[in-house]
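# Structural overview for review
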Amino acid sequence: MDWEIIGHEWAVETLKKHVHPETVRHAFLFCGPQGVGRRTLALSYARALNCLEEDISKRPCGTCRICRQIKEMTHPDLIVVQPEQPGVQIKIEQVRELQHTLSLAPYEARYRVALLLHFDEASLNAMNSMLKTLEEPAPQVVIILTAENPELLLPTIVSRCEVLQLRALSVAQTGSGMRKLWGLPEEQASLFAHISGGRPGYARSLFSDAEAYARRRAVL
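A brief report on the enclosed structure follows. (Residues numbered from 1 in each chain as written. Predicted model: local features only at pLDDT ≥ 70, side-chain atom pairs only at ≥ 80, totals over all residues. Heavy atoms only, no water.)

### What about the pattern of salt bridges?
Operational definition: By definition, a salt bridge exists where a carboxyl oxygen of Asp or Glu is found within 4 Å of a side-chain nitrogen of Lys or Arg. Numbering of helices and strands runs from the N terminus, with a helix taken as a DSSP run of H or I at least four residues long and a strand as a DSSP run of E at least two residues long. Three labels apply to residues, based on accessible area from a 1.4 Å probe with only protein chains included: buried if under 20% of the type maximum, exposed if over 50%, partly exposed otherwise in between.
In this structure the tally under the stated criterion is seven salt bridges. Asp 77 is the partner of Arg 112 in a salt bridge, and the nearest nitrogen-oxygen pair spans 3.5 Å. On the criterion of sequence distance, the pair formed by Arg 112 in strand 3 (residues 112-116) and Asp 77 in the loop between helix 3 (65-71) and strand 2 (78-81) is long-range, its members being 35 residues apart. A relative accessible area of 8% means that Arg 112 is categorised as buried. With a relative accessible area of 2%, Asp 77 lands in the buried category. One salt bridge in this structure joins Glu 84 and Lys 91, with 3.4 Å as the shortest N-O distance.

Next comes the structure, spelled out in structure tokens:
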């Protein structure tokens, strides 16, 4: 089993319980600060749901075609909705297009997985429209919302989701995970773990984007 997650073991264990067809929940809300791992966790769960490995306890395998495509966000049964650009709200038109797609049977996977990133940045109309889908999801649909500030969401949306509140990790845990998962040298992993404040996603963006790291150093 390869969830490719740094920390958040309790969240992984929770989601493992919802991989079997009889226990799948159809709506989740992953909360936490930006860069803490919300999207990574969501994609790992989507892989676990649709992995081609027959043994459920070994999903996601991380190597099958569906696991690879979902990780790269290119699988046709993974629908990603997010603000069209920073500072712009998710629009009701985006939600309506998603609803049409979710009304169709999966292309080839067990489930169509809708991943709505930064949904706390959605317009009120978009939230109200999404509420209808959360109330009566199709049986082969799993919806995952991510939000930095769940208080900006409609309470009725939150109440219809299983909520996983992710928090920043310790610097030591982040550094150790970066060495193990991404093969970073100890000194570099420790540096990015400190800069990120225990947010693995932010740490990864720094070491994978040399220009962003250089800009940050220049600002400091």
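### Side note on the pairing of strand 3
Note the following rule: Any two strands between which DSSP finds at least two bridges are classified as paired. When the strands point away from the viewer and the path from the first strand over the helix to the second turns clockwise, the crossover is right-handed.
Summarising burial for strand 3: five of the five residues are buried, a large majority. On strand 3, burial covers both faces: Arg 112, Ala 114 and Leu 116 on one face and Val 113 and Leu 115 on the other are all buried. Two elements, strand 2 and strand 3, share four bridges in a ladder whose sense is parallel. Within the sheet, the bridge partner assigned to Val 80 lies in strand 3 and is Leu 115. As a crossover connection, the stretch from strand 2 through helix 4 (residues 92-102) into strand 3 is right-handed. As paired elements, strand 3 and strand 4 (residues 141-147) share five bridges and run parallel to each other. Paired with Arg 112 across the strands is Val 141, a residue of strand 4. Each parallel crossover has a hand, and the one from strand 3 via helix 5 (residues 124-135) to strand 4 is right-handed.

### With respect to the layout of surface pockets
What counts is decided by this rule: Put simply, the grid is 1 Å and covers the protein atoms alone, a cavity is a trapped set of points that fit a 1.4 Å probe, a pocket is an open set with protein on both sides within 12 Å along at least five of seven lines, and lining residues have an atom within 4 Å of a point. Grid points are joined across faces, edges and corners, and a volume is the space filled by probe spheres set on the points. We call Asp, Glu, Lys and Arg charged. Ala, Val, Leu, Ile, Met, Phe, Trp, Tyr, Cys and Pro are nonpolar, and the rest, Gly among them, are polar.
Taken as a whole, the largest pocket encloses approximately 1000 Å³ of empty space. Gly 35, Arg 39, Thr 40, Gly 201 and Tyr 202 are, among the 34 residues lining the largest pocket, the residues nearest its centre. Looking at the lining of the largest pocket, the elements with two or more residues in it are helix 2 (38-50), helix 7 (171-182) and helix 9 (200-208). If you tally residues by element for the lining of the largest pocket, the top one is helix 2, at six residues. Taken together, the residues that form the lining of the largest pocket break down as 13 nonpolar, 12 polar and nine charged. Counting only elements with at least two residues in the lining of the second largest pocket, the list comes to helix 1 (9-16) and helix 7. Split into classes, the residues belonging to the lining of the second largest pocket amount to six nonpolar, four polar and six charged.

### Describing unusual backbone geometry
Here the bond from Arg 59 into Pro 60 is cis, since omega is -5°, no more than 30 degrees from zero. Relative to the assigned elements, Pro 60 resides in the loop between helix 2 and helix 3. In this structure, Glu 4 takes a positive phi of about 55° despite not being glycine. Here Glu 4 lies in the segment before helix 1.

### A closer look at the packing of helix 8 (residues 186-196) against helix 9
Rule in force here: In this description, a line fitted to the C-alpha atoms serves as the axis of each element, helices being fitted only across the stretch in contact, and the angle between N-to-C directions of two axes falls anywhere from 0 to 180 degrees. The labels follow the angle: roughly parallel below 35 degrees, roughly antiparallel above 145, roughly perpendicular from 65 to 115, and oblique for the rest. In this scheme the crossing of two helices becomes right-handed for a clockwise turn of the near helix relative to the far one and left-handed for an anticlockwise turn of less than a right angle. Should any heavy atoms of two residues lie within 4.5 Å, those residues are counted as being in contact.
Following both chains from N to C, one finds helix 8 and helix 9 inclined at 125°, their axes separated by 8 Å at the closest point. Considering their axes alone, helix 8 and helix 9 lie oblique with respect to each other. As for how helix 8 packs across helix 9, the hand of that crossing is right-handed. In this structure, helix 8 contributes Phe 192, Ile 195 and Ser 196 to the contact, and helix 9 contributes Tyr 202, Ala 203, Leu 206 and Phe 207. Class assignment of the residues belonging to the contact of helix 8 with helix 9 gives a composition of six nonpolar, one polar and no charged.

Function-wise, these values are silent; they only describe arrangement.
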